Amino acid sequence: MELGIEVIALLMAVAFVAGVIDAIAGGGGLLTIPALMAAGVPPVHAIATNKLQSSFGTASAVVAFARKGRIDFRRFLKPAIGAFLGSAVGAWVLQRIDPAFLAGLIPVLLILMVIYFTVAPKASEEDRHSRLGTGALVGIVIAIGFYDGFFGPGTGSFLTTVLVALFGMGLVSATAHTKFLNLASNVAALVTLVIGGQVLWMVGLLMAVASIAGGQVGAHLALRVGGKVIRPLLVVMALALTVKLLADPANPLTRLLTGGG
């Protein structure tokens, strides 16, 4: 499908803001996916194109953390493989769901993600004793990877929360390893969706450039404002875009809520 220059410029602006938010608080996909759908991109194409643009930012973060020696690749190899496999299955399932059903499901998932970002507790900065072993980590990561391949927003926050709460990692270490696991799930989903012909390449690559630029700005802002300012902004913007999707009378969820059949 073709999008006008004005629409592409708007999507790039959203990707920039999402990149800033991702670098500070995570959850940029809460903005980019509904923005793509509001621009008329079908749900599966929107998720696939978002996966393309977000993969660049995640890869950049992994390189940055790796250069600082923050990622234990040997310890997290098996969990990364689990994330890859789970995400590939999630992306495969995504392409076999009725698009109309998916269009109605996405606003529900967005609202659930907004609730999560509203009530999620602040993570600890200190390393603690791990409550579970590697096998449990692999199993949990496979499940989260499936979610990432199927939808995606909030995956990084889920992984970081799990690594901090259940595996005793400090926030910085958890964030670094989250990026590694998220890169594995992103690549798996992207490859699966590319094979399925779902990615809008030009839009995705242009949004990727904007997202990377936003990530650089966000990295600097993180040291000054942190997530206290960004998370409320993320919630408000995500809710606004969800309302935009539900304002479409053709959306199955809208018809259900209004009794339109």
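Residues numbered from 1 in each chain as written. Predicted model: local features only at pLDDT ≥ 70, side-chain atom pairs only at ≥ 80, totals over all residues. Heavy atoms only, no water.

Q: I tried to follow the overall build of the chain on my own but got confused; where do I start?
A: Within the chain, the regular secondary structure consists of eleven helices and zero strands. Overall, the chain shows an N-to-C arrangement of helices and strands of α-α-α-α-α-α-α-α-α-α-α. Partitioning the intrachain contacts of the chain with sequence separation of at least 6 by distance along the chain shows that 83% fall at a separation of at least 24. For the chain, the exposed surface amounts to about 12300 Å²; the carbon and sulfur share of it is 69%. (Helix = DSSP H or I, 4+ residues; strand = E, 2+ residues; numbered from the N terminus. Contact = heavy atoms within 4.5 Å. Areas by Shrake-Rupley, 256 points an atom, 1.4 Å probe, with all protein chains shown as cover.)

Q: Is there a simple way to explain the environment of Thr175 in this structure?
A: Locating Thr175 in the fold gives a position in helix α8 (residues 171-195). Under the relative-accessibility criterion, Thr175 is labelled partly exposed at 25%. Distance in space between the C-alpha atoms of Thr175 and Leu163 is 8.6 Å, their sequence separation being twelve residues. Not counting residues within four places of it along the chain, the set of residues in contact with Thr175 comprises Phe65 and Thr160. (Buried < 20%, exposed > 50% of the residue type's maximum accessible area, 1.4 Å probe, protein only.)

Q: Honestly, the environment of Phe158 in this entry has me stumped. Any pointers?
A: Mapped onto the elements, Phe158 comes out in helix α7 (residues 155-165). Taking the C-alpha atoms as reference points, Phe158 and Thr178, separated by 20 residues in sequence, lie 9.0 Å from one another.

Q: What should I look at first to understand a nonpolar patch on the surface in this one?
A: A surface patch of nonpolar side chains, about 640 Å² in accessible area, is lined by Leu77, Ile81, Phe84, Leu85, Val187, Val191 and Ile195. Of all the secondary structure elements, the ones that give two or more residues to the nonpolar patch are α4 (77-94) and α8. Sort the elements by how many residues they give to the nonpolar patch and α4 lands first, with four residues. Checked against the element boundaries, Ile195 lands in helix α8. Residue classification places Ile195 among the exposed residues on the basis of a relative accessible area of 71%. (Patch = residues over 30% accessible without salt bridge, like charges linked within 9 Å, V, L, I, M, F, W, Y side chains within 5 Å. Salt bridge = Lys/Arg side-chain N within 4 Å of Asp/Glu carboxyl O.)

Q: Any chance you could explain the pattern of salt bridges here in plain terms?
A: Any two side chains of opposite charge can pair, given that their charged atoms come close. Evaluated as defined, the whole model comprises one salt bridge. Residues Asp148 and Lys51 are paired through a salt bridge, measuring 2.7 Å at the closest nitrogen-oxygen approach. With Asp148 in helix α6 (residues 134-150) and Lys51 in helix α3 (residues 43-67), this pair connects stretches of sequence that are 97 residues apart. For Lys51, a relative accessible area of 2% corresponds to the buried category.

Q: Which parts of the structure should I look at to understand the packing of aromatic side chains?
A: Each aromatic ring pair is characterised by the separation of its centres together with the angle its planes make. By the definition in use, this model includes four aromatic pairs. Residues Phe146 and Phe150 carry aromatic rings whose centres are separated by 6.4 Å and whose planes lie at 5 degrees to one another, so their mutual orientation is stacked. You can see Phe146 and its partner Phe150 sitting in helix α6, four residues apart, about one turn around the helix. According to the relative accessible area criterion, Phe150 is buried, its value standing at 13%. Grouped by ring-pair contacts, the aromatic residues Tyr147, Phe151 and Phe158 constitute a single cluster. (Phe/Tyr/Trp six-rings, centres within 6.5 Å; stacked < 30°, edge-to-face > 60°.)

Q: I'm lost on the packing of α4 against α6 in this one. Help?
A: Between two packed helices, the angle of one axis relative to the other and the distance separating the axes together describe the packing. At a minimum axis distance of 6 Å, the contact between α4 and α6 shows a crossing angle of 35 degrees. The hand of the α4/α6 crossing is right-handed. When α4 is examined against α6, the residues Lys78, Pro79, Gly82, Ala83, Gly86, Ser87, Val89, Gly90, Ala91, Val93 and Leu94 are found in contact with a partner set consisting of Leu137, Val138, Val141, Ile142, Gly145, Phe146, Asp148, Gly149 and Phe150. Along the lines of polarity and charge, the residues of the contact of α4 with α6 split into twelve nonpolar, six polar and two charged. (Axes fitted to C-alpha atoms, helices over the stretch in contact; angles between N-to-C directions. Left-handed = near helix turned anticlockwise from the far one by under 90°. Nonpolar A, V, L, I, M, F, W, Y, C, P; charged D, E, K, R; others polar.)

Q: Looking at this structure, how should I read the packing of α4 against α8?
A: Running from N to C, α4 and α8 point in directions that differ by 35 degrees, and their axes come no closer than 7 Å. Crossing handedness for the pair α4 and α8: right-handed. Packed against α4, whose contacting residues are Pro79, Ala80, Ala83, Phe84, Ser87, Ala88, Ala91, Trp92 and Leu94, the element α8 presents Phe180, Leu181, Ala184, Ser185, Val187, Ala188, Ala189, Thr192 and Leu193 at the interface.

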